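As a plain string of letters, each chain reads:
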Amino acid sequence: MRPERIQLLNDVCKMLEKSSYFFLCTYKGLTVEEFSGLRDKLAEHGANCKVIKNSYIALALRKQKIEIPGDYSFTGDTAVVFGDGDSCTIAKLLKDFSKKQKKVGFKGGLLQEDFLSDKELLNLADLPSKEVLQAQLLGVLEAPKRNLAVVLNNKVLSIVYALQAYKNKIEKTS
């Protein structure tokens, strides 16, 4: 293998190592302007997008000892979207972009060294963002405390109401 090809393979391996997600997308038929627009949107969220030959992607995955399903085929034009951060947001952005541009779609990808199919990536895109999930978890954790406070407050209020009713009854009889 020529030195420039070895360097390219090493670059793809570094992308895999440093990224928390690595999505493979089809982009065939996009204009340069549309592809640049997609790259700009991804960059706003800290993701990168590069066009890489399928053979280098396959070699890099094998070199990293990542198991690829037997039915997956490295064919067609492939854009690699990768980065570190919230993968749900990037998957959602790609899904939304694919609704407007039917030429873009998921082919597969990696999420923390697990290979995901295009359908699994679409399901990932439907998940709420990390911040929303954290807020929901916090709400679940806070609910027992809040419910206990409400129950205790209601008990105190029922005693106060009983005393007030008793006081009103005594005042009416006197």
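Now for a look at the structure at hand. None of the values given here were measured: they were computed from a predicted structure.

Burial runs high along strand S4 (residues 105-111): seven of the seven residues are buried. Here strand S1 (residues 21-26) runs beside S4; their pairing, made up of six bridges, is antiparallel. Within S4, the residue paired with Thr-26 across the bridge is Gly-105. Summarising the sheet, S4 and strand S5 (residues 114-116) pair through three bridges and their orientation is antiparallel.

A separate point is the pairing of strand S3 (residues 79-83). Judged by how many residues are buried, S3 sits mostly within the fold: five of five residues are covered. In S3, alternate side chains face the same way, and those of Ala-79, Val-81 and Gly-83 on one face and Val-80 and Phe-82 on the other are all buried. In this sheet, S3 lies alongside S1 in antiparallel orientation, the contact comprising five bridges. Within S3, the position partnered with Leu-24 by the bridge is Val-80. Examined bridge by bridge, strand S2 (residues 47-51) and S3 share five bridges and lie antiparallel to one another. Along S3, the bridge assignment pairs Asn-48 with Phe-82.

What follows concerns the packing of aromatic side chains. Each pair of aromatic rings is reported with the distance of its centres and the angle of its planes. Within the structure shown, the criterion is met by four aromatic pairs. A ring pair is formed by Tyr-21 and Phe-23, whose centres lie 5.2 Å apart and whose planes are at 25°; its orientation type is stacked. For Phe-23, a relative accessible area of 0% gives the class buried. Both rings, one in Phe-22 and one in Phe-82, keep their centres 6.4 Å apart while their planes meet at 35°; by these two values the pair is tilted. Of this pair, Phe-22 sits in strand S1 while Phe-82 is found in strand S3, placing the two residues 60 residues apart along the sequence. Each member of the pair Phe-22 and Phe-82 is classed as buried. Here the aromatic cluster, defined as three or more aromatic residues joined through ring pairs, consists of Tyr-21, Phe-23 and Phe-106.

Helix-helix packing is described using two parameters, namely the angle between the two axes and the distance between the axes. Relative to each other, helix H4 (residues 87-100) and helix H5 (residues 118-126) sit at 105°, their axes nearing to 7 Å. One finds that H4 runs roughly perpendicular with respect to H5. Counting all contacts with H4, which are made through Ser-87, Cys-88, Ala-91, Lys-92 and Lys-95, the residues of H5 involved are Leu-121, Leu-122, Leu-124, Ala-125 and Asp-126. Taken together, the residues of the contact of H4 with H5 sort by class into six nonpolar, one polar and three charged.

Turning next to the nonpolar core. If you look at the biggest cluster of nonpolar residues, it comprises 25 residues, and the most contacted ones within it are Phe-23, Leu-42, Val-81, Ile-90, Leu-94, Phe-106 and Leu-124. Of all elements in the fold, only S1, helix H2 (32-44), S2, S3, H4, S4 and H5 reach the threshold of two or more residues within this core. It is H4 that contributes the most residues to this core, six residues altogether. Ranked by size, the runner-up nonpolar core spans 18 residues in total, among them Val-12, Cys-13, Tyr-72 and Leu-110.

What follows concerns the sheet that holds S4. As summarised here, the arrangement of the five strands in space is S2-S3-S1-S4-S5, forming an open sheet in which the pairing is antiparallel. Single-partner strands in this sheet number two, and they are S2 and S5. Neighbour-to-neighbour, the strand axes of this sheet turn through a mean angle of 20°, independent of strand direction. Of the strands in this sheet, S1, S2, S3 and S4 touch H4, which is tilted by about 10° from S1. Of the strands in this sheet, S1, S4 and S5 touch H5, which is tilted by about 80° from S4.

The rules behind these values
Residues numbered from 1 in each chain as written. Predicted model: local features only at pLDDT ≥ 70, side-chain atom pairs only at ≥ 80, totals over all residues. Heavy atoms only, no water. Buried < 20%, exposed > 50% of the residue type's maximum accessible area, 1.4 Å probe, protein only. Helix = DSSP H or I, 4+ residues; strand = E, 2+ residues; numbered from the N terminus. Pairing = 2+ DSSP bridges. Phe/Tyr/Trp six-rings, centres within 6.5 Å; stacked < 30°, edge-to-face > 60°. Axes fitted to C-alpha atoms, helices over the stretch in contact; angles between N-to-C directions. Parallel < 35°, antiparallel > 145°, perpendicular 65-115°, else oblique. Contact = heavy atoms within 4.5 Å. Nonpolar A, V, L, I, M, F, W, Y, C, P; charged D, E, K, R; others polar. Core = buried A, V, L, I, M, F, W, Y, C linked by side-chain atoms within 4.5 Å.

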